[in-house]
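What the coordinates show
If you want the building blocks of each chain, they are given just below.
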Amino acid sequence: LYPSDPSSVDALDTSLHGQNLQNTEYVKYDLSGRDLGDADLSGSYFSVSNLKNANLSGANMQNVIAYATRFDNADLTNANFSGADLLKSYFNGANIDGTNFTDAVLDLSQIKSLCERATGQTADSLSCSDLNQSYVPASKGSGLNPNTK
């Protein structure tokens, strides 16, 4: 199985629960609805992949690169995304209870969206409390526009 070959997706077992899948590539993969709970995907690469409605609860996603990947409505309960590069990825409706995003790189719009529903450890790992304090609207302050006050 060569994971970056989209035609091999049907060869994947529906349940990849608890599997060691470190350092694998998933380019244009449809893993929607798959059970990846407790799987070790650390160091893996996802590009333009679909993990909508997937079970990633307890998954080790440390240092993954997931570019333009959809995690919509996925179960990310207690998943570890620390150090992950998640640019252009979306998490709409995902369950993020206990998810660790420490040192993960996300688009600001996704951080804001995640912080609206994050609590406890998840909010801390996203630095949600710092988000509101560091935000200064462009129309306020003494910016480069001399007409603003």
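To be clear, the structure that these remarks concern was listed above.
Predicted model only: the values in this text are computed from it and were never measured. (Residues numbered from 1 in each chain as written. Predicted model: local features only at pLDDT ≥ 70, side-chain atom pairs only at ≥ 80, totals over all residues. Heavy atoms only, no water.)

Some points on unusual backbone geometry
Put simply, the test is: Here a helix means four or more residues in a row that DSSP labels H or I, a strand means two or more in a row labelled E, and each is numbered from the N terminus.
Although it is not a glycine, Lys28 adopts a positive phi angle of roughly 55°. Relative to the helices and strands, Lys28 resides in the loop between β1 (25-27) and β2 (45-47).

Notes on helix α1 (residues 108-115)
Going by this rule: Residue burial is assigned from relative accessible area. The probe radius is 1.4 Å, only protein chains are included, and a residue is buried under 20% of its type maximum, exposed over 50%, and partly exposed in between. Our arc is simply the arc of the directions from the helix axis toward the C-beta atoms.
When α1 is considered as a whole, its buried residues turn out to be Gln110, Ile111, Leu114 and Cys115. Down the axis of α1, the sector holding all buried residues measures 130°, keeping them to one side.

Observations concerning the environment of Ala104
For clarity, the threshold we go by: The contact criterion used is simple: two residues touch if any of their non-hydrogen atoms lie within 4.5 Å.
Relative to the helices and strands, Ala104 is located in the loop between β3 (65-67) and α1. Put simply, Ala104 and Phe81 are 23 residues apart on the chain and 6.6 Å apart in space, counted from C-alpha to C-alpha. Discounting chain neighbours no more than four positions away, the residues touching Ala104 are Phe81, Gly83, Ala84 and Leu86.

What to know about the nonpolar core
Note the following rule: Side-chain atoms within 4.5 Å link the members of a nonpolar core, which is a set of buried Ala, Val, Leu, Ile, Met, Phe, Trp, Tyr and Cys residues.
Ranked by size, the top nonpolar core spans 37 residues in total, and within it Phe71, Leu76, Leu86 and Phe101 carry the most contacts. Every element with two or more residues in this core is listed here: α1 and α3 (128-134). The element contributing the most residues to this core is α1, with three residues. Discounting chain neighbours no more than four positions away, the residues touching Leu76 are Leu56, Ser57, Phe71, Phe81, Phe91, Ala94, Asn95, Ile96, Asp97 and Thr99.

Some remarks on the packing of aromatic side chains
Rules: Only the six-membered ring of Trp is used, alongside the rings of Phe and Tyr, when aromatic pairs are assigned; centres must lie within 6.5 Å, and planes under 30 degrees apart are stacked while those over 60 apart are edge-to-face, with the rest tilted.
According to the stated counting rule, one finds seven aromatic pairs in the structure shown. Plain terms: the ring middles of Tyr26 and Tyr29 are 5.4 Å apart, the flat faces sit at 75° to each other, and that makes the pair edge-to-face. Under the relative-accessibility criterion, Tyr26 is labelled buried at 3%. On the accessibility criterion, Tyr29 (1% relative accessible area) is buried. Measuring from centroid to centroid gives 5.5 Å for Phe81 and Phe101, while their planes differ by 15°, and the two rings are stacked. A residue pair is termed long-range when its members are at least 10 positions apart, and Phe81 in the loop between β3 and α1 and Phe101 in the loop between β3 and α1 qualify at 20 residues. Of the two residues, Phe81 and Phe101, both sit in the buried class. Among the aromatic residues, ring-to-ring pairing joins Phe71, Phe81, Phe91 and Phe101 into one connected group.

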